[in-house]
Amino acid sequence: MRASFLFSEVGTGLRRNVTMTVAMILTTAVSLAMLGGGLLSVRMADKTEQYFTGRLEVRFYLDENISANDPDCATDPCRSLLADMKNTSGVVSVQFLNRAAALEEAKKLFADQPEMVQYISETPLPASMRVKMTDGDQYERIYDRYHAREGVRTVANDREFVDRLLRLFDGLRNAAFGLAVVMALAALLLIANMMQIAAFTRRTEVGIMRLVGATRWYTQLPFLLEAVVAAVAGSVLAILGLLIARPLVIDRALGPLFDSNVFPRITGDDIATVALTIAPVGVLVAAVAAYGTLRYYVRE
């Protein structure tokens, strides 16, 4: 097939159905942008899980006897409890924090809240042991082993907080994917309609080409390329939308959470990875939809 003829037919088809082409480009762009948003939500959820899992710890708050009388954890039951925890498989490190150290840490944490600092200073804080684990799945085993040991008053864990964050991102991801599916269906219908209209408007010249021996693939390839060109344009718009949305929407909405290390930032690498996923998906879906439509409606 001559390249000049092929490009001429593609350009003619796009110009003849310009409103349908624009509609398909915009619909494809919106659907791919929604898909990209869903994939970014997935990446943020994964990065958040990795970020917090690496910092998960179990805090064993000790009773009043140890807190008041054993600031160096030098006698039992504190000494034996600390030694046993350090020798437990799945434990990375154990930090003992006496009452004075706990108070200093609390003062730094609430430095911008004078009322809270005053209240903490007047309320004795318990000593604690902070256990870092190889992964969050070790929590139940460590809790079962030590929560009833002598000297332990209560146990706290960050896992529930992390699970809540991940459930939030899962919900956002599912909502984004749901909207993306709806927009993808709309894009498929527009592609099918575009192919039908394009084939109908050029039915005479296609018929002549078939009469002089042109193959079915020779006559249908320009239609396929029209759909692919529109999908490429839609993919570019979707990627540009994600690039613009990061500073104008994502960073503005979640900037304080990024700055306080509650969530890891969405980076250019994240958007590049998502772009390399949604662009081929858009082109492939458009090509398959166009081919299926032509095979079904253009039988001669």
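Owing to the predicted nature of the structure, the values given are computational and were not obtained by experimental measurement. (Residues numbered from 1 in each chain as written. Predicted model: local features only at pLDDT ≥ 70, side-chain atom pairs only at ≥ 80, totals over all residues. Heavy atoms only, no water.)

1. Here's the deal with the pattern of salt bridges
Then step 1. Tallied over the entire structure, the rule returns seven salt bridges.
Then step 2. With its nearest N and O atoms 3.6 Å apart, the salt bridge here joins E57 to R59. (Salt bridge = Lys/Arg side-chain N within 4 Å of Asp/Glu carboxyl O.)

2. Some details on the nonpolar core
Then step 1. Grouped together as the largest cluster of nonpolar side chains are 21 residues, with contacts concentrated most on F60, L62, M85, M129 and V131.
Then step 2. For this core, the secondary-structure elements that each account for two or more residues are β1 (57–62), α4 (78–86), β2 (91–97), β3 (128–133) and α7 (139–146).
Then step 3. With four residues, α4 is the largest single contributor of residues to this core.
Then step 4. When residues no more than four places from it in sequence are discounted, the contact partners of L62 are S67, C78, L81, F96, P126, A127, S128, M129, G151, V152 and R153. (Core = buried A, V, L, I, M, F, W, Y, C linked by side-chain atoms within 4.5 Å. Buried < 20%, exposed > 50% of the residue type's maximum accessible area, 1.4 Å probe, protein only. Helix = DSSP H or I, 4+ residues; strand = E, 2+ residues; numbered from the N terminus. Contact = heavy atoms within 4.5 Å.)

3. A look at the UniProt feature "transmembrane region" (unreviewed entry) in the chain
Then step 1. The UniProt record marks residues 21–42, 175–200, 221–245 and 271–294 with the feature "transmembrane region" (unreviewed entry), using the residue numbering of this structure.
Then step 2. Here residues 21–42 is 100% helix and 0% strand, with 31 Å between the C-alpha atoms at its ends.
Then step 3. Helix makes up 100% of residues 221–245 and strand 0%, whereas the separation of the span's terminal C-alpha atoms amounts to 36 Å. (UniProt positions renumbered as here; feature names shortened; annotations may be inferred.)

4. Brief notes about the packing of aromatic side chains
Then step 1. For the structure shown, the criterion picks out two aromatic pairs.
Then step 2. Ring centres of F60 and Y146 lie 6.3 Å apart, and the angle between their planes is 85°; on these two criteria the pair is classed as edge-to-face. Residue F60 is located in strand β1, and its partner Y146 is located in helix α7; the two are separated by 86 residues in the primary sequence. Pair check on accessibility: F60 and Y146 agree, each one buried. (Phe/Tyr/Trp six-rings, centres within 6.5 Å; stacked < 30°, edge-to-face > 60°.)

5. As for α7
Then step 1. The set of residues buried in α7 consists of Y139, I142 and Y146. All buried residues of α7 project into a common sector of 75° when viewed along the axis, lining one side.
Then step 2. Packing partners of the buried residues in α7 comprise β1, α4, β2, β3 and β4 (152–157). (Arc of directions from axis to C-beta.)

6. As for the packing of helix α5 (residues 99–109) against helix α6 (residues 114–122)
Then step 1. Taken N-terminus to C-terminus, the directions of α5 and α6 make an angle of 170°; their axes are 9 Å apart at the nearest point. Accordingly, the angle class assigned to the pair α5 and α6 is roughly antiparallel. The segment α5 lies against α6, with L103, A106 and K107 engaging V117, I120 and S121.
Then step 2. When grouped by side-chain class, the residues that make up the contact of α5 with α6 number four nonpolar, one polar and one charged. (Axes fitted to C-alpha atoms, helices over the stretch in contact; angles between N-to-C directions. Parallel < 35°, antiparallel > 145°, perpendicular 65-115°, else oblique. Nonpolar A, V, L, I, M, F, W, Y, C, P; charged D, E, K, R; others polar.)

7. Looking at unusual backbone geometry
Then step 1. With an omega dihedral of 10°, the bond running from D76 to P77 counts as a cis peptide bond.
Then step 2. Positionally, P77 belongs in the loop between α3 (64–69) and α4.
Then step 3. Residue C73 is not a glycine yet carries a positive backbone phi of 50°.
Then step 4. You can see C73 is positioned in the loop between α3 and α4.

8. Focus on the side chain of R59
Then step 1. Considering the arrangement of structural elements, one finds R59 in strand β1.
Then step 2. When its relative accessible area of 15% is taken as the criterion, R59 is described as buried.
Then step 3. A polar side-chain atom of R59 sits 3.3 Å from a polar atom in the side chain of Y61.
Then step 4. The contacts of R59, once residues within four sequence positions are left out, are M129, R130, T154, V155, A156, N157 and D158. (Polar contact = N/O pair within 3.5 Å; in protein donor to acceptor, adjacent residues only side chain to side chain.)

9. Description of a nonpolar patch on the surface
Then step 1. A cluster of nonpolar residues, V18, V22, L26, V232, V236, L237, L240, L243, I244, L248 and V249, forms a patch on the protein surface that exposes about 920 Å² of accessible area.
Then step 2. When contributions to the nonpolar patch are tallied by element, the ones reaching two or more residues are α2 (18–53) and α10 (216–259).
Then step 3. With eight residues, α10 is the largest single contributor of residues to the nonpolar patch.
Then step 4. Inspection of the secondary structure assignment puts V18 in helix α2. (Patch = residues over 30% accessible without salt bridge, like charges linked within 9 Å, V, L, I, M, F, W, Y side chains within 5 Å. Areas by Shrake-Rupley, 256 points an atom, 1.4 Å probe, with all protein chains shown as cover.)

10. Quick notes on the sheet that holds β4
Strands belonging to one sheet form pairs held by backbone hydrogen bonds; the direction of such a pair is parallel or antiparallel.
Then step 1. Spatially, β2-β3-β1-β4 is the arrangement adopted by the four strands of the open sheet, whose pairing is antiparallel. Single-partner strands in this sheet number two, and they are β2 and β4. Averaged over all pairs of adjacent strands, the angle between their axes in this sheet comes to 20°, without regard to strand direction.
Then step 2. In this sheet, β3 lies alongside β2 in antiparallel orientation, the contact comprising six bridges. The partner of L97 across the bridge, within β3, is S128. (Pairing = 2+ DSSP bridges.)

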